[in-house]
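# Understanding the architecture of this molecule
For reference, the chains in residue letters:
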Amino acid sequence: MNYLLPTLRKKEEIDRIIRDTIDKVLVLRFGRCSDNDSLLLDDILQKSARDVSKFATVALVDVDSEEVEVYVKYFDITLIPSTVFFFNACHMKLDSGTADHTKWVGKFHEKQDFIDVVEVIFRGAMKGQMIVHCPIPPERIPKYQLLYKDV
């Protein structure tokens with residue numbers, strides 16, 4: 001399923017794509033090829049990649065690769081899959097009504113949900129916003145609980 005989308009397994013590859021993606025939203029899906037939810041999300045990303053290609057680039061990050069561990073820790077990728085957004089090398093945040101605005105946790109229910117989110121991020125970024133409000137209805141936003149270690 002993910003053979004059409006680039007899979008990044010090294011820190012240098014992630015650094016390069018973040019740095020070199022200009023005037024487009026960069027969508028990085030952190031997940032595993034063996035995880036069912038990751039594969040479902042990959043399918044939606046693959047089907048949507050062509051539709052968003054004028055304003056977004058989509059890539060997959062394999063969290064099991066030891067070389068990307070620095071990004072897994074930095075973005076606190078504890079729940080799989082998680083999707084992180086960038087614009088011109090700046091981390092974009094998404095207010096979806098959950099406790100974590102730094103990433104989208106879980107899969108998108110529909111292809112159109114993903115397209116809507118990327119479009120809102122692109123429009124907000126073009127206006128200079130660093131955080132945008134999620135256009136998806138609350139009933140279609142994945143629910144999860146944050147667990148804090150050593151608190």
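Structure first, text after, so check above.
It should be emphasised that the depicted structure is a prediction, and the values quoted were computed from it without experimental measurement.

Attention now goes to the packing of aromatic side chains. Here the distance between the centres and the angle between the planes together describe a pair of aromatic rings. As enumerated under the stated definition, the model contains eight aromatic pairs in all. Aromatic side chains Phe 55 and Phe 122 sit 5.5 Å apart centroid to centroid with 40° between the ring planes, which places their arrangement in the tilted category. With Phe 55 in the loop between helix 2 (36-49) and strand 3 (56-62) and Phe 122 in helix 4 (residues 111-126), the pair connects residues that are 67 residues apart, well separated along the chain. When its relative accessible area of 16% is taken as the criterion, Phe 55 is described as buried.

All of the buried residues in helix 1 (residues 11-20) are Ile 14, Ile 17 and Ile 18. For helix 1, the angular spread of the buried residues around the axis is 100°, confining them to a single face. Along its buried surface, helix 1 packs onto strand 1 (7-8), strand 2 (25-31), strand 3, helix 3 (69-74) and strand 4 (82-87).

Secondary-structure assignment places Ile 18 in helix 1. The class for Ile 18 is buried, based on a relative accessible area of 10%. Sequence spacing of Ile 18 and Phe 86 is 68 residues, and the spatial spacing of their C-alpha atoms is 7.2 Å. Apart from the residues lying within four places of it in its own chain, the contact partners of Ile 18 are Leu 26, Leu 28, Tyr 71, Phe 86 and Ala 89.

Rules of the game
- Residues numbered from 1 in each chain as written.
- Predicted model: local features only at pLDDT ≥ 70, side-chain atom pairs only at ≥ 80, totals over all residues.
- Heavy atoms only, no water.
- Phe/Tyr/Trp six-rings, centres within 6.5 Å; stacked < 30°, edge-to-face > 60°.
- Helix = DSSP H or I, 4+ residues; strand = E, 2+ residues; numbered from the N terminus.
- Buried < 20%, exposed > 50% of the residue type's maximum accessible area, 1.4 Å probe, protein only.
- Arc of directions from axis to C-beta.
- Contact = heavy atoms within 4.5 Å.

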